[in-house]
Amino acid sequence: MYTVGRTAELTGVPTGTLRKWEQRYGVVVPQRSPGNYRLYDDDAVRRLSVMRTLVDAGWTAQEAARHVTEDVAAAEAELPRPEVATLDSRVEELVACAADFDVPRLERLLAQSLVDRDLVTEVDEWLLPALVRLGKAWQRGEVSVAGEHFVTGALHRRLGWVFQSLPGADPAAPRVVVGLARGSRHELGVLAFALVLRSRGVGVTYLGGDLPLEAWVATVELLAPAAVVLAAPTVEDLPAVREAAAALAPLAPVLLGGAHQDGVDGPERLGHLAGAAAADLASRLLA
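This structure is a prediction, so every number in the text was calculated from the model and none was measured.

All right, on to the nonpolar core then. By size, the foremost hydrophobic cluster in this structure holds 50 residues, and its most contacted members are Trp126, Phe193 and Leu197. Of all the secondary-structure elements, those providing two or more residues to this core are α6 (90-100), α7 (103-111), α8 (119-139), α9 (145-165), β3 (175-181), α10 (188-199), β5 (227-231) and α13 (274-286). Residues Val13, Ala44, Leu54 and Ala75 belong to the second largest nonpolar core, which totals 38 residues.

Two elements, β3 and strand β4 (residues 203-211), share six bridges in a ladder whose sense is parallel. From the neighbouring strand, Arg175 faces β4, where its bridge partner is Gly203. Considered for its hand, the β-α-β crossover made up of β3, α10 and β4 is right-handed.

One way to put it is that α10 packs onto α13 with a least axis distance of 8 Å and a crossing angle of 40°. The handedness of the crossing between α10 and α13 comes out as right-handed. Residue-level contacts link Phe193, Val196 and Leu197 of α10 to Ala274, Gly275, Ala277, Ala278, Ala279, Leu281 and Ala282 of α13. Partitioned by chemical class, the residues of the contact of α10 with α13 number nine nonpolar, one polar and no charged.

Moving on to the pattern of salt bridges. Tallied over the entire structure, the rule returns 16 salt bridges. Arg269 is paired through a salt bridge with Asp265; the nearest N and O atoms lie 3.5 Å apart. A residue is classified by how much of its surface remains accessible, and Arg269, at 38% relative accessible area, is partly exposed. Between Arg284 and Glu268 there is a salt bridge; the shortest N-O distance is 2.9 Å. Placement of the pair is Arg284 in helix α13 and Glu268 in strand β7 (residues 268-269), with a sequence separation of 16 residues. Residue classification places Arg284 among the partly exposed residues on the basis of a relative accessible area of 42%.

Among the residues making up helix α1 (residues 4-11), those that are buried are Val4, Thr7, Ala8, Leu10 and Thr11. The arc that holds every buried residue of α1, seen down its axis, measures 165°, which confines them to one face. On its buried side, α1 packs onto α2 (15-25), β2 (38-39), α3 (42-56) and α12 (238-248). Positive backbone phi, at 75°, marks Gly12, one or two positions downstream of α1.

The five strands are arranged β4-β3-β5-β6-β7 in an open sheet whose pairing can be described as parallel. For this open sheet the edge positions go to β4 and β7, each flanked by a neighbour on one side alone. Running at roughly 170° to β5, α12 makes contact with β3, β5 and β6 (254-257) of the sheet.

Across the seven residues of β3, six count as buried, placing the element largely inside the fold. Note that β3 and β5 share three bridges and pair parallel. Across the sheet, residue Val177 finds its bridge partner in β5, namely Val228.

Take α3 next. With 15 residues, α3 extends 21 Å between its outermost C-alpha atoms, agreeing within 8% with the 21 Å of an ideal straight helix rising 1.5 Å per residue. What α3 keeps buried is the set Ala44, Val45, Arg47, Leu48, Ser49, Val50, Met51, Thr53 and Leu54. Two to three positions downstream of the cap, the backbone nitrogen of Asp43 sits 3.3 Å from a side-chain oxygen, assigning the N-cap of α3 to Asp41. Note on α3: the residue one or two positions beyond its end, Gly58, has a positive phi of about 110°.

Attention now goes to the packing of aromatic side chains. Across all of its chains, the model carries one aromatic pair by this definition. Between Phe101 and Phe150, the ring centres sit 5.5 Å apart and the planes meet at 45°, which makes this aromatic pair tilted. Of this pair, Phe101 sits in the loop between α6 and α7 while Phe150 sits in helix α9; the two residues are 49 residues apart in sequence, bridging distant segments of the chain. Sitting over the ring of Phe163, Arg198 keeps its end group 4.8 Å from the ring centre.

This next bit is on the side chain of Arg182. With respect to the helices, strands and loops of the structure, Arg182 is situated in the loop between β3 and α10. One polar contact links Arg182 to Glu243, side chain to side chain, over a distance of 2.9 Å. Apart from the residues lying within four places of it in its own chain, the contact partners of Arg182 are Tyr2, Asp42, Arg46, Asp210, Leu211, Pro212, Leu213, Ala240 and Glu243.

Cut-offs used in this document
Residues numbered from 1 in each chain as written. Predicted model: local features only at pLDDT ≥ 70, side-chain atom pairs only at ≥ 80, totals over all residues. Heavy atoms only, no water. Core = buried A, V, L, I, M, F, W, Y, C linked by side-chain atoms within 4.5 Å. Buried < 20%, exposed > 50% of the residue type's maximum accessible area, 1.4 Å probe, protein only. Helix = DSSP H or I, 4+ residues; strand = E, 2+ residues; numbered from the N terminus. Pairing = 2+ DSSP bridges. Right-handed = clockwise from strand over helix to strand, strands pointing away. Axes fitted to C-alpha atoms, helices over the stretch in contact; angles between N-to-C directions. Left-handed = near helix turned anticlockwise from the far one by under 90°. Contact = heavy atoms within 4.5 Å. Nonpolar A, V, L, I, M, F, W, Y, C, P; charged D, E, K, R; others polar. Salt bridge = Lys/Arg side-chain N within 4 Å of Asp/Glu carboxyl O. Arc of directions from axis to C-beta. Expected span 1.5 Å × (residues − 1). Polar contact = N/O pair within 3.5 Å; in protein donor to acceptor, adjacent residues only side chain to side chain. Phe/Tyr/Trp six-rings, centres within 6.5 Å; stacked < 30°, edge-to-face > 60°. Lys NZ or Arg CZ within 6 Å of the ring centre and 35° of its normal.

These figures capture arrangement, not role.
This is how it looks when you write it as structure tokens:
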């Protein structure tokens, strides 16, 4: 639970604006402390973050509030995401697999991917553009929720298999801790980043998604890595990412990727080509 002041820090919404949105539009309903102070939970913080981003994108407060109160996930999906131009036919093929639940086709596609190819190119010109295209297909109703899960689950397994099949780094190699802040579960981007890092000889400790802040701090204190890599895949992730980045900054250099990385001040931003960013980081650490 967060006070008004802390909620304002995490969301970037001034306290006066926060109260106006609460009272005028009912975007959030705070709880009360024994001393009658307003308290906001994680769900309220996420809703306020989405509302702020919609307003910053040019929506009226009334329109943004209506979308957030009706369906915060659908409202977040309305925001533009960075896209990478690609001519790789496998992007549309992956979406077709999701639409048709085509298991043999998907297995053939994945068997030909991320093997005997440049991983940076695979990540930046196929994998990440395909994920953005898949997300848009879901928004438009071309792909069901189940179809999207069917494909992303298979991609997660494939990336994990390739990651584990790579040789481990030299014990003296620099180590990077990679993962997502609490509440954040869109792992494929950071897993792809970790895969490229490992392929370049960097020691990678991959922590996955939805890691509580105290676990992040304890792990980084224990490992003392050369860098920590987080991501902000969605607007809803921003409060937890801001919190994690601020807590980890005194312990190690913090780098940030994801579609909404520009919404977090402090960490070095990696840009929207995860493969190239991972290769660049590896070059810097191993120089």
